[in-house]
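Coordinate analysis (summary)
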Amino acid sequence: MKRYVARRLILMLPFMVLISMVSFAVIQAQPGDFGSQYFANPRVSPEMVFQMRAQLGLDKPPWMQYLLWVQGIVTRGDFGYSFAYKRPVADLIWERLGWTVVVAGASILFTWVVALPIGIYSAVHKYSALDYLLTFVGFVGLSIPNFFLALVLMYLMLRAGASSVGGLFSPEMIGAPWGAAKLVDLLEHVWVPVIAIGTSGTAGLLRLMRGNLLDVLGMPYVTTARSKGLSERVVIYKHAVRNAVNPLVSIFGMQLPELLSGTIITSIVLNLPTMGPFFYDALINQDQYLVMTFLMMSALLMLVGNLLADVLLVWVDPTIRYD
């Protein structure tokens, strides 16, 4: 297993190089650059725009811009300079990465903790009244966009008398030092983005768990286990659920980059200090190094997520071997 993980980590390097080339080509494919927007500004002369583009290195050929960017990453850990924010990209990313991990991690935890028990219950009690109700709730969760659910939750909070909706803290707590009061304020706000972002994933995972477990419960080995006199609890949780959860573990690898880039509109609606709105602003401003770094991080999360999913599959199903 260690050799397999090491081999996968080594193979990530050429993948990341290829992804960086594709990201740079996509950014360069759009017309103009960060400096081009100033040509339409009557207060900025063309000479000043050309001077600014030369200072930012945008007058160099694309291949040279790419090589200089890669050289900065490899030799100095420098991911470039944000033209719009006038700060190093690495500093901007690190400022937002912590809260992105907190919101994404809490959303993933919410998705799995809620979806698996409900999916198991629906499969074991199929066609019962509660199964129909949970199925209906699941379809509703799949059909409601995340940003719309966020708006509904914000409206309900205002109707309930909340004075501060959106964001992760109340205005008076944003600059306050960490303590029990700030932690309580965070918990009072963070459940909104967790539910808004995690509900659609919960509904989808619930339906998958129910369907997989129903298929497994109809297999001959489950009938054999029951005929041997094993209790229903052992048959379901020790044998059936363990096999039914395998396809869901594979999906886990796809959830990490989705939570980073697939919740941009929801993060904008909720005014979250995460990387999604940051990426949107960078695209609007043609802030190429910030966009490329974001795409690289999203791709890295995809590769790491798939590696973790493969490792978890071995833990869930000991019959799987990679060596």
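Position labels on residues start from 1 in each chain and follow its written sequence. Per-residue local features of the predicted model are confined to residues with pLDDT of at least 70, and side-chain atom pairs are confined, for both listing and counting, to 80 or more; whole-chain, interface and lining totals are unaffected and use all residues. Calculated side-chain values reflect all of the structure's heavy atoms, with hydrogen atoms and water omitted.

Examining the overall build of the protein chain
Assigned secondary structure in the protein chain consists of 13 helices and 2 strands. Structurally, the protein chain occupies a C-alpha span of about 85 × 60 × 40 Å along its principal axes. Relative accessibility under 20% of the residue-type maximum defines a buried residue, over 50% an exposed one, and the middle range a partly exposed one, all with a 1.4 Å probe and only protein chains included. Looking at the 323 residues of the protein chain, the share that counts as buried comes to 41%. Contact definition: two residues touch when any of their heavy atoms are within 4.5 Å. Long-range contacts, defined as pairs at least 24 residues apart, comprise 72% of the intrachain contacts of the protein chain with a sequence gap of at least 6. Counting only carbon and sulfur atoms, one obtains 69% of the accessible surface of the protein chain, whose full area is about 17900 Å². In the protein chain, the 22 positive side-chain charges and the 18 negative ones have mean positions that sit 10 Å from each other. Numbering of helices and strands runs from the N terminus; a helix is a DSSP stretch of H or I covering at least four residues, while a strand is a stretch of E covering at least two. Every accessible area reported is derived by Shrake-Rupley at a probe size of 1.4 Å, with residue values counting cover from the shown protein chains alone. Charge assignment in this entry is limited to Lys and Arg as positive and Asp and Glu as negative, and neither His nor the chain termini are counted. Think of each charge as sitting on NZ of Lys, CZ of Arg, CG of Asp or CD of Glu.

What to know about the environment of Gly-175
Structurally, Gly-175 is set in the loop between α6 (146–159) and α7 (180–217). Separated by 156 residues in sequence, Gly-175 and Ile-19 place their C-alpha atoms 38 Å apart.

Describing the packing of aromatic side chains
Stacked, edge-to-face and tilted labels apply to pairs of Phe, Tyr and Trp rings (six-membered ring for Trp) whose centres lie within 6.5 Å, assigned for plane angles under 30 degrees, over 60, and everything in between, in that order. Summed over the entire model, instances satisfying the criterion amount to 6 aromatic pairs. Measuring from centroid to centroid gives 5.5 Å for Trp-99 and Phe-169, while their planes differ by 75°, and the two rings are edge-to-face. Remark: Phe-169 occurs in the loop between α6 and α7 and Trp-99 occurs in helix α4 (residues 89–124); sequence separation between them is 70 residues. Note on Trp-99: relative accessible area 21%, which makes it partly exposed. Each member of the aromatic cluster is reached from another via a ring pair, and the members are Phe-24, Tyr-66 and Trp-69. Criterion for a charge above a ring: Arg CZ or Lys NZ at most 6 Å from the ring centre, at most 35 degrees from the ring normal. When the ring centre of Trp-178 is taken as reference, the NZ or CZ atom of Lys-182 above it lies at 5.0 Å.

Here we look at the pattern of salt bridges
Whenever a carboxyl oxygen of Asp or Glu lies within 4 Å of a side-chain nitrogen of Lys or Arg, that contact is scored as a salt bridge. Enumeration according to the criterion identifies 4 salt bridges in this entry. For Arg-76, the salt bridge is made with Asp-78, and the minimal N-O distance between the two is 3.5 Å. When the shortest N-O distance is used, the salt bridge between Glu-232 and Arg-226 registers 2.6 Å.

Remarks on the UniProt feature "transmembrane region" (unreviewed entry) in the protein chain
If you check UniProt for "transmembrane region" (unreviewed entry), the listed places come out as residues 66–85, 97–120, 132–158, 259–280 and 292–316 in our numbering. The straight-line gap between the two end C-alpha atoms of residues 292–316 is 36 Å; of that span, 100% is helix and 0% is strand. UniProt positions are given in the numbering used here, feature names are shortened, and annotations may be inferred rather than shown by experiment.

Re unusual backbone geometry
Of note in this structure, Tyr-127 is not a glycine but carries a positive phi near 65°. For Tyr-127, the position within the fold is in the loop between α4 and α5 (129–143). A positive phi angle is found at Asn-271, which is not glycine, with a value near 55°. Residue position: Asn-271 is located in the loop between α11 (264–269) and α12 (275–284). On the accessibility criterion, Asn-271 (58% relative accessible area) is exposed.

So, a nonpolar patch on the surface
The grouping of Phe-147, Phe-148, Leu-151, Val-152, Tyr-155, Leu-156 and Ile-265 at the surface amounts to a nonpolar patch, some 650 Å² of accessible area in total. Ranked by residues supplied to the nonpolar patch, first place goes to α6 with 6 residues. In this structure, Tyr-155 sits in helix α6. Patches in this entry comprise residues that are over 30% relatively accessible and not in a salt bridge; like charges within 9 Å are linked, as are nonpolar side chains (Val, Leu, Ile, Met, Phe, Trp, Tyr) within 5 Å.

Some words on the packing of α12 against helix α13 (residues 288–316)
Angles shown run from 0 to 180 degrees and are taken between the N-to-C directions of axes, each axis being a line fitted to C-alpha atoms and, for helices, limited to the stretch in contact. Packing of α12 against α13 leaves a shortest axis separation of 9 Å and a crossing angle of 140°. Between α12 and α13, the crossing angle belongs to the class labelled oblique. For the crossing formed where α12 meets α13, the hand is left-handed. Counted together, Met-275, Phe-278, Phe-279, Ala-282 and Leu-283 of α12 and Leu-290, Val-291, Phe-294, Leu-295 and Met-297 of α13 form the full contact between these two elements. In these notes the angle categories are as follows: under 35 degrees is roughly parallel, over 145 is roughly antiparallel, 65 to 115 is roughly perpendicular, and the rest is oblique. Definitions for this section: a left-handed crossing has its near helix turned counterclockwise from the far helix by less than a right angle. A right-handed crossing has that turn clockwise.

Structural notes on α12
Since there are 3.6 residues in each turn of an α-helix, residues three or four apart along the chain are aligned in direction. Buried within α12 we find Met-275, Gly-276, Pro-277, Phe-278, Phe-279 and Ala-282. Downstream of α12 by one or two residues, Gln-286 has phi in the positive range, about 55°.

What about the side chain of Asp-185?
Along the chain, Asp-185 turns up in helix α7. Look at Asp-185: it is buried, it has no salt bridge, and the nearest opposite charge is Lys-182 at 8.0 Å. Identification of polar contacts relies on pairs of N or O atoms within 3.5 Å, with a donor-acceptor requirement for protein atoms, meaning one able to donate a hydrogen and the other able to accept it, and with residues adjacent in sequence counted only if both atoms are side-chain atoms. There is a polar contact of 2.7 Å between the side chain of Asp-185 and the side chain of Ser-170. Other than its neighbours up to four places away in sequence, Asp-185 contacts Leu-168, Phe-169, Ser-170 and Met-173.

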